[in-house]
Amino acid sequence: MRIVHLNGFQFATLLLLCFLILIPTVASAFAAPTASQADAASAVASAQNLLFNCYNAAKAAGGTGANVTVLQVALNDAGGSLSNAELAYSNGDYNSAINYANQCQSALSNFFSEANALKASGEQQQSQTLIIFVGSIVDALLAVVVGYVIWFLLKKKYAN
Amino acid sequence: MDLLKVKAILIVSIAVLALLVASPALQRLLVFPQTTSFTELWLLSSQQSAQNYPFDIAQNKNYNVTLGVGNNLGNFAYYLVEVKFRNETQSAADSFKFTPSSLPSLYNITVFVANKGIWEQPLIFSFNYNYDNNLSLVNFNDLILNGVTLNLKGNSASWDSEKSEFVGNLFFELWIYNSTIGSFQYNDRFVSLFLNMTV
């Protein structure tokens, strides 16, 4: 076995090479938690925004008098996941936070189409109700006018 | 037939007919309008009643209560129930000043309720705690609420010699989302459980 003796310059060069090779590995090991935290923060914020937007859609659908029970169930389901995502994030468990935030988003995948359909159906129901409301008032007034005309004709007949 | 009788019959007939025809409109007009908007928040015991709440709390034993929210606001509402825990000396929510506790929330329960709807959630909780050496202090480790572990490290309750209890207070504050300002506001409501930590 041959032992190689390095002078000071060679040793320093070798040390520098080793350092340069190790830098990316060490840096990635230290950088990983920060990147994951940013990802988790972004996932949780996205889920929160989605929940706010879905709530506004549900509120608009509910305002038309539509039965929004289905929307309420979906929102509470997604809300539970968001609560868990926020807790996991505050505990520093960023992977779980991302998973829960994704679950929240999945629970609301068809939400807007359902909310819009319910809103449209509610608006249709509202316009039908308005037609019945106005129609019944007009019909009642018509009944009074017809009654008055009958009375007028009967009075005329009795006078003769 | 006498003209007066004919007139009376005609008036009554027309009045009845007009009322019948107008009934869909009258149904809407004669309903007493909703004048007050409010939210209900309640906490029931395991027997679904406002009595026999859990009080003496053994270590790591499960206790059941039911939390409920009723929405009479006239629109779909988005609530947040903040779960908090305190000892006798820490900040509490105030029913008279309508202020929340300054303590941080351990967990936020997200709740959506349709107008005139209710939401109810069974809560199963247990406490993990231990006593200090001379049995004068309870040190809390965790609160497990519906399977979720909430960190209570750093929280403690001293012996209350007047009541002969280690008093802990688990309470639930109601917050509501205000879409105009885009944030949650305290809804002036909370429900709480006073607990005695005993072996």
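The structure displayed is predicted, hence computed values, not measured ones.

## Details of the overall build of chain B
- When helices and strands are tallied, chain B shows one helix and 11 strands.
- Walking chain B from its N terminus toward its C terminus, one meets helices and strands in the order α-β-β-β-β-β-β-β-β-β-β-β.
- Against the 2.2 N^0.38 benchmark of 16 Å for 199 residues, chain B shows a C-alpha radius of gyration of 27 Å, more extended than a compact globule.
- Reported as C-alpha extents along the three principal axes, the dimensions of chain B are approximately 105 × 40 × 30 Å.
- Among the 199 residues that make up chain B, the fraction classed as buried is 27%.
- Taking all contacts inside chain B whose residues are at least 6 apart in sequence as the whole, residues at least 24 apart take part in 59%.

## Brief notes about helix α4 (residues 111-159) of chain A
- Helix length check: α4 of chain A (49 residues) gives 71 Å between terminal C-alpha atoms against 72 Å at 1.5 Å per residue, within 8%.
- Among all positions of α4 of chain A, only F111, A115, L118, S136, A140 and A143 of chain A are buried.

## Things to note about the packing of helix α2 (residues 69-90) of chain A against helix α3 (residues 94-107) of chain A
Residues and elements named next belong to chain A.
- Two numbers describe how α2 lies on α3: the axes approach to 8 Å, and their chain directions differ by 165°. Considering their axes alone, α2 and α3 lie roughly antiparallel with respect to each other. Judged by the sense of rotation from one axis to the other, the crossing of α2 with α3 is left-handed. Here A74, D77, A78, S81, L82, N84, A85, A88 and Y89 of α2 lie close against α3, whose contacting residues are Y94, S96, A97, Y100, A101, Q103, C104 and A107.
- Looking at the contact of α2 with α3, its residues break down into 12 nonpolar, four polar and one charged.

## Concerning α2 of chain A
- Over its 22 residues, α2 of chain A runs 31 Å from end to end, which matches the ideal 32 Å to within 8%, given 1.5 Å per residue.
- Positive phi appears at G92 of chain A, one or two residues downstream of α2 of chain A, with a value of about 80°.

Conventions adopted
Residues numbered from 1 in each chain as written. Chains lettered and ligands numbered in written order. Predicted model: local features only at pLDDT ≥ 70, side-chain atom pairs only at ≥ 80, totals over all residues. Helix = DSSP H or I, 4+ residues; strand = E, 2+ residues; numbered from the N terminus. Rg over C-alpha atoms; globule rule 2.2 N^0.38 Å. Buried ≥ 20, exposed ≤ 12 C-beta atoms within 10 Å, placed from the backbone. Contact = placed C-beta atoms within 7 Å. Expected span 1.5 Å × (residues − 1). Axes fitted to C-alpha atoms, helices over the stretch in contact; angles between N-to-C directions. Parallel < 35°, antiparallel > 145°, perpendicular 65-115°, else oblique. Left-handed = near helix turned anticlockwise from the far one by under 90°. Nonpolar A, V, L, I, M, F, W, Y, C, P; charged D, E, K, R; others polar.

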